[in-house]
Amino acid sequence: MPDSSSKKPARKSPYTADRGIPGAFEGETVTRRNFMTGGALAAGGIATAAFALPALGFALGPLFEDSQPERWQDVGSESEFNDETYVSSVINLVPEIGEPGKTTVYIRRVNPDLDGDTQAIKDQPYVVISTRCMHLGCPVRYIQASARFVCPCHGGVYDFEGKVEGGPPVRPLDRFYTRTRAGRVEVGDRFSVNSELERFSPRDPSNWVDGLWQYIYPSRPTI
Amino acid sequence: MPPLPKFLRPAPRKPGADNGARNGGGEDDGRLDKAKEQGIEATATAVGWIDERMSVSPLMRAQLFRKVPKGTSWFHTLGSATLFAFLSQAVTGVFLAMYYEPDPSRAYDSAAHITNEVFLGEFVRGMHRWGSTVMIILIFLHMGRVFFFGAYKYPRELTWVIGVVLLVLTLMMGLTGYLLPFDQRSFWATVVAVNLNSSGPVIGPYLADFLRGGSEFGATTLSRFYALHMLLVPGLIAVLIGAHLYLVAKLGTTAPPWLKAHKKELEQEEI
């Protein structure tokens, strides 16, 4: 551009024809060199995405699948359990992996005098306490003499209802849904409870569920 | 060709020895020297053939004879020591993978098989197991050296950042490798470690799901940890070590902070 009054250097014309590029078309603004560069980058990007995105989805897929299908397990006849103390039983959480997939649970009949009127026992004939500590997942043990659940790892203590009494756990022990079929007690899915013993979808140990914490540690598609 | 190292050159004459007789005694009539020369020539030809095509010798020389600052000491070898530990872990790990089976019902037995029955199995597994601890100790010492020498400062910030990522990846190697023997200790340590990840707000529970491959420790958890331990994390470490070394070679190393390069000159000026 011949206008030299401006201090800024003259801008190049966007049209390749004006810039004197050989073989330029009328109205063409993209040089062939730029077009080839862009085309090569786009082709490389598409080719990379074509394997990388499926591979990433493959690795992340389990995050979006329900990994715990509903399953009812027979743990014994109704006469084996009482409403005074817990009886331990072993259920299979992940049958595919054998021994590591099993876990101990503590079972007793619902006792209105002890349990009161909490949401956790609504429509539940039995109380089934998970032994997964709510600090970091170690296995807790029921101590008959003190009527408390105690964790061996970091000293978490829970009372008879599974509520936190001491140590680092962030919420009461998880429970499992129960039902009776033809005189047999069956144990179903896990659920979590907050300090008021209100039900929540199962969360990991170390996840608070009181108040706003339930949104900071959200429910996930896997559970 | 660079000059041959001393041990490859023909031996000099012994003082007092007469013509022909070298230090091998008079009896071989220099045949030993002749064989040596032929051996050297064959080696030099082979090395030369490769070097003519790869041209690595100028790079090698630039690296090996580069100038290092005054005060360079054993402290500056901690990075190389960590690299050596990584290589040793890589080699022993590759061979352990030949016998190990990442299946929940087979893992413990295959690890026990390595220890109890495979020739040198206990030794190789022991090197890998203790080498992991050695590597973590060395990487922390290396980081401490860089920190206390102020070697992370301009223009070496990026080297430091890559080093920190390497530290995290090394700790991830420790975490993922810990599950593989699949005994009670591994299992519960991993349960606790995954739940620690889960305690992070918002993304923590998803991270735990990713590590477990679901909401419970399940069939794919062990193979996930195995793949992370065997392929993903070591691959990233290898790539980042390359970048880290490139930066070290490009930017050079630093002198210790107590060494003041111009102190003497300054003193002289004051006088």
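Student: Which residues make up the interface of chain B and chain A, and what values go with them?
Tutor: With 25 residues of chain B at the contact, the number on the chain A side is 24 residues. Among the secondary structure elements, those contributing two or more residues to the side of chain B that touches chain A are helix H7 (184-198) and helix H8 (204-212) of chain B. Per-element accounting of the side of chain B that touches chain A gives the leading share, 7 residues, to H7 of chain B. Split into classes, the residues belonging to the side of chain B that touches chain A amount to 14 nonpolar, 9 polar and 2 charged.

Student: Lay out helix H4 (residues 107-116) of chain B in plain terms, naming residues and giving numbers.
Tutor: Given 3.6 residues per helical turn, the α-helix brings residues three or four places apart onto the same face. All names here are of chain B. Within H4, the full set of buried residues consists of Ala-107, Tyr-108, Ala-111 and Ile-114. One side of H4 holds all its buried residues, which, seen down the axis, span an arc of 125°. Structural note: H4 exposes Asp-109 and Asn-116 on the side pointing more than 90 degrees away from its buried face. In the core, the buried residues of H4 are packed alongside helix H3 (78-96), helix H5 (121-148) and helix H9 (221-251).

Student: Just give me the short version of the packing of H3 of chain B against H5 of chain B, but keep the residues and values in it.
Tutor: All names here are of chain B. Across the interface, H3 lies against H5 with an axial gap of 8 Å and an inter-helix angle of 155°. Classed by the angle they form, the pair H3 and H5 counts as roughly antiparallel. Taken as a pair, H3 and H5 cross one another with a handedness that is left-handed.

Student: Go over the domain arrangement of chain A, please, and point to the residues and values.
Tutor: Considered domain by domain, chain A is made up of domain 1 (32-64) and domain 2 (73-216). A C-alpha centroid distance of 47 Å is found between domain 1 of chain A and domain 2 of chain A.

Student: Could you give an account of the confidence of the model for chain B, with specific residues and numbers?
Tutor: Chain-level statistics for chain B give a pLDDT mean of 89 and a share of 90% at 70 or above. This complex was scored by the predictor with a pTM of 0.84 and an ipTM of 0.84.

Student: Could you give an account of unusual backbone geometry, with specific residues and numbers?
Tutor: Omega for the peptide link from Tyr-154 of chain B to Pro-155 of chain B comes to 0°, which places this bond in the cis form. Mapped onto the elements, Pro-155 of chain B comes out in the loop between H5 and helix H6 (157-179). Phi at Leu-197 of chain A is positive, roughly 60°, even though this residue is not glycine. Mapped onto the elements of the fold, Leu-197 of chain A is located in the loop between strand E10 (184-193) and strand E11 (199-200). Judged by local crowding, Leu-197 of chain A falls into the partly exposed class, with 18 C-beta atoms found within 10 Å.

Student: Talk me through the sheet that holds strand E6 (residues 148-150) of chain A; I want residue IDs and the actual numbers.
Tutor: One open sheet holds the 4 strands; their spatial order is E5-E6-E7-E8 (chain A), and the pairing between them is antiparallel. The open sheet has two free edges, formed respectively by strand E5 (141-143) and strand E8 (164-166) of chain A, since each of these has just one partner strand.

Student: So what about H6 of chain B? Which residues, and what values?
Tutor: An ideal rise of 1.5 Å per residue puts 33 Å on 23 residues; H6 of chain B measures up with 34 Å between its terminal C-alpha atoms. Contacts made by the buried residues of H6 of chain B are with H5, H7 and H9 of chain B.

Student: Please set out the nonpolar core residue by residue, giving values where relevant.
Tutor: In terms of nonpolar packing, the biggest core is built from 30 residues, with Val-105, Ile-107 and Val-128 of chain A touching the most fellow members. Mapped by element, the contributors of at least two residues to this core are strand E3 (102-109), strand E4 (126-130) and E10 of chain A. The leading source of residues in this core is E4 of chain A, at 4 residues. Ignoring any residue separated from it by four or fewer positions in sequence, one finds Val-105 of chain A in contact with Ser-89, Ile-91, Val-128, Ile-129, Ser-130, Thr-131, Phe-176 and Val-187 of chain A. Counting 19 residues, the second-largest nonpolar core is a separate cluster that includes Leu-96, Ala-107, Leu-179 and Leu-211 of chain B.

The rules behind each value
- Residues numbered from 1 in each chain as written.
- Chains lettered and ligands numbered in written order.
- Predicted model: local features only at pLDDT ≥ 70, side-chain atom pairs only at ≥ 80, totals over all residues.
- Contact = placed C-beta atoms within 7 Å.
- Helix = DSSP H or I, 4+ residues; strand = E, 2+ residues; numbered from the N terminus.
- Nonpolar A, V, L, I, M, F, W, Y, C, P; charged D, E, K, R; others polar.
- Buried ≥ 20, exposed ≤ 12 C-beta atoms within 10 Å, placed from the backbone.
- Arc of directions from axis to C-beta.
- Axes fitted to C-alpha atoms, helices over the stretch in contact; angles between N-to-C directions.
- Parallel < 35°, antiparallel > 145°, perpendicular 65-115°, else oblique.
- Left-handed = near helix turned anticlockwise from the far one by under 90°.
- Domains from an automatic or database assignment.
- pLDDT = per-residue confidence, 0-100.
- Pairing = 2+ DSSP bridges.
- Expected span 1.5 Å × (residues − 1).
- Core = buried A, V, L, I, M, F, W, Y, C linked by C-beta atoms within 7 Å.

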